[in-house]
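These are the residues of each chain, in order.
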Amino acid sequence: MTVDSTLRDRAAGEAESGVPPFAPGAVPVLGHAGSLLRDPLGFLTGLRDGGDVVRLRLGPRTAYAVCDPELVATLLKSPDFAVGGPLWDTMGVLLGKGVATSNGALHRRQRRAVQPAFRMDKIHEYAAVMEDEARRMADRWSDGQTVDIAAEVFRTATRVVARSVLQVDSIDERADRLSTALHTVFEGLYRRMILSFGPLYRLPLPANRRFENALADLHRMVDEIIAERRAEAASGGNPDDLLAALLDDRDENGEAVNEQEVHDQVVSLVVAGAENVAKTLTWVFQLLAEHPEHENRLSQEVESVTGGDRPVAFGDLGELAYMRNLITESMRIRPAVWILTRLASVDTTLGGYRIPAGTDILYSPLAMQRDPRAFRDALAFDPDRWLPERAADVTPAAHAPFSVGNRKCPGDHFSMAELSLILGTVVQKWRLAPTEGTDSTARIGITLQPKRALLEVRAR
């Protein structure tokens, strides 16, 4: 009997017993963590060959990886699975117990507090800030200049969420500090998620010191923002915005929520509004630089809608169908969020397998969105796959960039408006091209972005 046939027989026996098979490639002590550190995207994409659900060893922990899009949709909609697992356990040092990480009654109350800030009428108000910040960024550049597009869009996205949702005007010097701090923190968080060896991260190593200093600076900035707003309220100022709503929020007993919860809520909003939007925009601009035919087509659509004599405005977005499809396709093939986890809160089943309470569940949006079973020519960048007559061929469960169910991102329309206004403003004025030093290989962290997103901007 060959080794391969032995492995197949063992996997079949485990499946019949209701236990998912182990993915191949585990090594002593590290398990599969080594593969997730060396080549995580390739490893996760290859898991689908082992079945719809497989087991992984991550250091001392065992996790189940779900590889089938329909099962992932079931997972996300089932009350048997909570936000938790390696990713969210790790993210707790950054996000605390804000709306992104909380569960149950606490999550429902926190979501009710933030949801009104993302109504369409409020997004219409925020659009003026989005348009202004997009123009500021585009106006900073000069013909032939090489720009670090990742740094540029992160600064812009940070300013947008601070000035619109939180109405923080004193964001100028903090925008760069936030960008630097989050970059360092997100890289460190990924290592902590995969290798959950707590004592290792308490050693006085340079990487650990950088992480702790960046994390402390980020939390310090958020505390400064909250303190300034409280001082403003005490002196008679009271803006009608999300930060004011968070400061006025009450718990289930009618008591004001504590300072830590307000802090965690603000961190969650800044991270979601800056990090994810910025990473998505970085990939969009990188893809346009690599595919000038799509950039030209987008520019022509923007010009046809605006007449070429005025900036893109919020009221134009409904007519920019190709732009919407291009952003959607960018999020599919180059997602910022590429790995997520859940925790089984009760003994349950998934895909015919027994899932004991307390089991860590892992899934990869990137792997699903590049699955040839769900998308034709899955590795091709093809915005037209989202045309109405072709979108019917897409497996819906395989692409949900803002999630589904009661964890669906409340800021999905806000994010799409911001992405569209910044993208439209830039392509009106600039062509983008790769330059020496550009490296579009994905840099691995909690989120993904190109290793070196250096692009040359050329005036239209």
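The residue numbering used here restarts from 1 in each chain and proceeds along that chain's sequence as written. The model is predicted, so local features are restricted to residues of pLDDT at least 70 and side-chain atom pairs to those at 80 or more, both for listing and for counting; the totals for chains, interfaces and linings are taken over all residues. Only hydrogens and water are set aside when side-chain values are computed; all heavy atoms of the structure are taken into account.

**Student:** Which parts of the structure should I look at to understand the overall build of the protein chain?
**Tutor:** Along its length, the protein chain carries 17 helices and twelve strands. The C-alpha atoms of the protein chain give a radius of gyration of 23 Å, which matches the 23 Å a tight globule of 460 residues would have. Judged by the C-alpha coordinates and their principal axes, the protein chain covers about 75 × 55 × 45 Å. Looking at the protein chain residue by residue over its 460 residues, the buried ones come to 55%. Only DSSP runs of H or I covering at least 4 residues are called helices, and only runs of E covering at least 2 are called strands; the numbering of each starts at the N terminus. In this setup the radius of gyration rests on C-alpha atoms only. A globule is expected at 2.2 Å times the number of residues raised to 0.38. Categorising residues by exposure relies on relative accessible area from a 1.4 Å probe, with only protein chains included: less than 20% of the type maximum marks a residue as buried, more than 50% marks it as exposed, and the intermediate range marks it as partly exposed.

**Student:** Where do I start with the packing of helix H12 (residues 259–290) against helix H13 (residues 292–306) in this structure?
**Tutor:** For any two helices packed against each other, one specifies the inter-axial angle together with the distance between the axes. Running from N to C, H12 and H13 cross one another at 110°; their axes reach a closest spacing of 5 Å. It follows from the interaxial angle that H12 and H13 lie roughly perpendicular. Residues Leu288, Ala289 and Glu290 of H12 form the contact with H13, whose participating residues are Pro292, His294, Glu295 and Leu298. In terms of residue class, the contact of H12 with H13 is made up of four nonpolar, one polar and two charged. The axes are straight lines fitted to the C-alpha atoms, using for helices just the contacting stretch, and the angles between their N-to-C directions are given from 0 to 180°. Here the angle decides the label: under 35 degrees means roughly parallel, over 145 means roughly antiparallel, 65 to 115 means roughly perpendicular, and every other value means oblique. The contact rule is simple, with two residues in contact once any of their heavy atoms fall within 4.5 Å. We call Asp, Glu, Lys and Arg charged. Ala, Val, Leu, Ile, Met, Phe, Trp, Tyr, Cys and Pro are nonpolar, and the rest, Gly among them, are polar.

**Student:** Got a minute to help me understand empty space enclosed by the protein in this structure?
**Tutor:** If a probe as big as a water molecule is rolled over the atoms, it shows which places are left empty. Every definition here rests on a 1 Å grid over the protein atoms only: cavities are sets of points where a 1.4 Å probe fits but cannot get out, pockets are open sets enclosed by protein on both sides within 12 Å along at least five of seven lines, and lining residues have some atom within 4 Å of a point. Grid points are joined across faces, edges and corners, and a volume is the space filled by probe spheres set on the points. Here the structure, examined in full by the defined rule, presents three cavities of 30 Å³ or more. Leu44, Val66, Cys67, Ser364 and Ala367 are, among the 13 residues lining the largest cavity, the residues nearest its centre. Those elements that place two or more of their residues in the lining of the largest cavity are helix H3 (40–46), strand E2 (61–66), strand E8 (360–363) and helix H15 (365–369). Partitioned by chemical class, the residues of the lining of the largest cavity number nine nonpolar, two polar and two charged. Size it by volume and the second largest cavity reaches roughly 80 Å³. The set of elements that each furnish at least two residues to the lining of the second largest cavity consists of helix H9 (172–194) and H12. Here the lining of the second largest cavity takes four residues from H9, the largest share from any one element. Counted by class, the lining of the second largest cavity contains four nonpolar, four polar and four charged residues.

**Student:** Would you mind going over the packing of aromatic side chains with me for this structure?
**Tutor:** Aromatic rings in a pair are described by how distant their centres are and how their planes are angled relative to each other. Aromatic contacts are taken between Phe, Tyr and Trp rings whose centres are within 6.5 Å, Trp giving its six-membered ring; a plane angle under 30 degrees counts as stacked, one over 60 as edge-to-face, and the others as tilted. Enumeration according to the criterion identifies four aromatic pairs in this entry. Seen from the ring of phenylalanine 22, arginine 55 lies directly overhead, with NZ or CZ sitting 4.0 Å from the centre. One cation-aromatic arrangement involves arginine 332 over phenylalanine 375; the distance from NZ or CZ to the ring centre is 5.0 Å. Think of it as a cone above the ring: NZ of Lys or CZ of Arg counts as a charge over the ring if it is within 6 Å of the ring centre and within 35 degrees of the ring normal.

**Student:** I would appreciate a short explanation of the sheet that holds strand E4 (residues 146–148) in the present structure.
**Tutor:** Two strands qualify as a pair provided that DSSP identifies no fewer than 2 bridges between them. Within the open sheet, the three strands sit side by side as E4-E12-E9. Their pairing is antiparallel. Bordering the open sheet on either side are E4 and strand E9 (430–434), each of which pairs with just one other strand. In this sheet, adjacent strand axes meet at a mean angle of 40° when their direction is disregarded. With five bridges joining them, E9 and strand E12 (residues 454–459) adopt antiparallel strand pairing. What sits directly across from arginine 431, in E12, is arginine 458. Those strands touched by H12 are E9 and E12, and its axis lies near 80° from that of E9.

**Student:** It is not clear to me how the pattern of salt bridges should be interpreted in this structure. Could you clarify?
**Tutor:** Should their charged atoms come close, side chains of opposite charge can pair. Within this document, salt bridges are pairs made up of a side-chain nitrogen of Lys or Arg and a carboxyl oxygen of Asp or Glu, the two lying within 4 Å of each other. Under the counting rule described, the total for this entry stands at 28 salt bridges. With a shortest N-O distance of 2.9 Å, aspartate 316 and arginine 310 are connected by a salt bridge. Classification of aspartate 316 by relative accessible area gives buried; the value is 6%. The partner of aspartate 393 in a salt bridge is arginine 376, and the shortest N-O contact between them spans 3.7 Å. With a gap of 17 residues between them, aspartate 393 in the loop between helix H16 (388–391) and helix H17 (412–429) and arginine 376 in the loop between H15 and H16 connect regions that are remote in the sequence. Residue aspartate 393 is classed as partly exposed on the basis of its relative accessible area of 45%. Relative accessible area serves as the criterion here: at 63%, arginine 376 is assigned to the exposed category.

**Student:** How should I be thinking about the sheet that holds E8 in this particular structure?
**Tutor:** In a beta sheet, neighbouring strands are held together by backbone hydrogen bonds and run either parallel or antiparallel to one another. Strand order in the open sheet formed by five strands is E1-E2-E8-E5-E3, and the pairing between neighbours is mixed. Lying at the two open borders of the sheet, with one neighbouring strand each, are strand E1 (53–58) and strand E3 (81–83). For this sheet, the mean angle separating the axes of adjacent strands, direction not counted, is 40°. Relative to strand E5 (residues 340–344), helix H5 (residues 86–95) is tilted by about 105°, and along the sheet it contacts E1, E2, E3, E5 and E8.

**Student:** Can you walk me through unusual backbone geometry in this structure?
**Tutor:** If a residue is not glycine, its phi is most likely negative; likewise, a peptide bond is most likely trans. Despite not being glycine, valine 29 shows a phi value in the positive range, around 70°. Tracing the backbone through its elements, the reader meets valine 29 in the loop between helix H1 (3–16) and helix H2 (33–38). Valine 29 sits in the exposed class, given a relative accessible area of 67%. Notably, serine 403 is not glycine yet its phi reads approximately 70°, a positive angle. Here serine 403 is to be found in the loop between H16 and H17.

**Student:** It is not clear to me how the side chain of arginine 370 should be interpreted in this structure. Could you clarify?
**Tutor:** The topology assignment puts arginine 370 in the loop between H15 and H16. Despite being buried, arginine 370 has no salt bridge partner; aspartate 39 is the closest side chain of opposite charge, sitting 9.2 Å away. When near neighbours in sequence (up to four residues on either side) are disregarded, arginine 370 contacts Arg48, Arg332, Ile333, Arg334, Ala378 and Leu379. The charge count includes Lys and Arg as positive and Asp and Glu as negative, but it does not include His or the ends of the chains.

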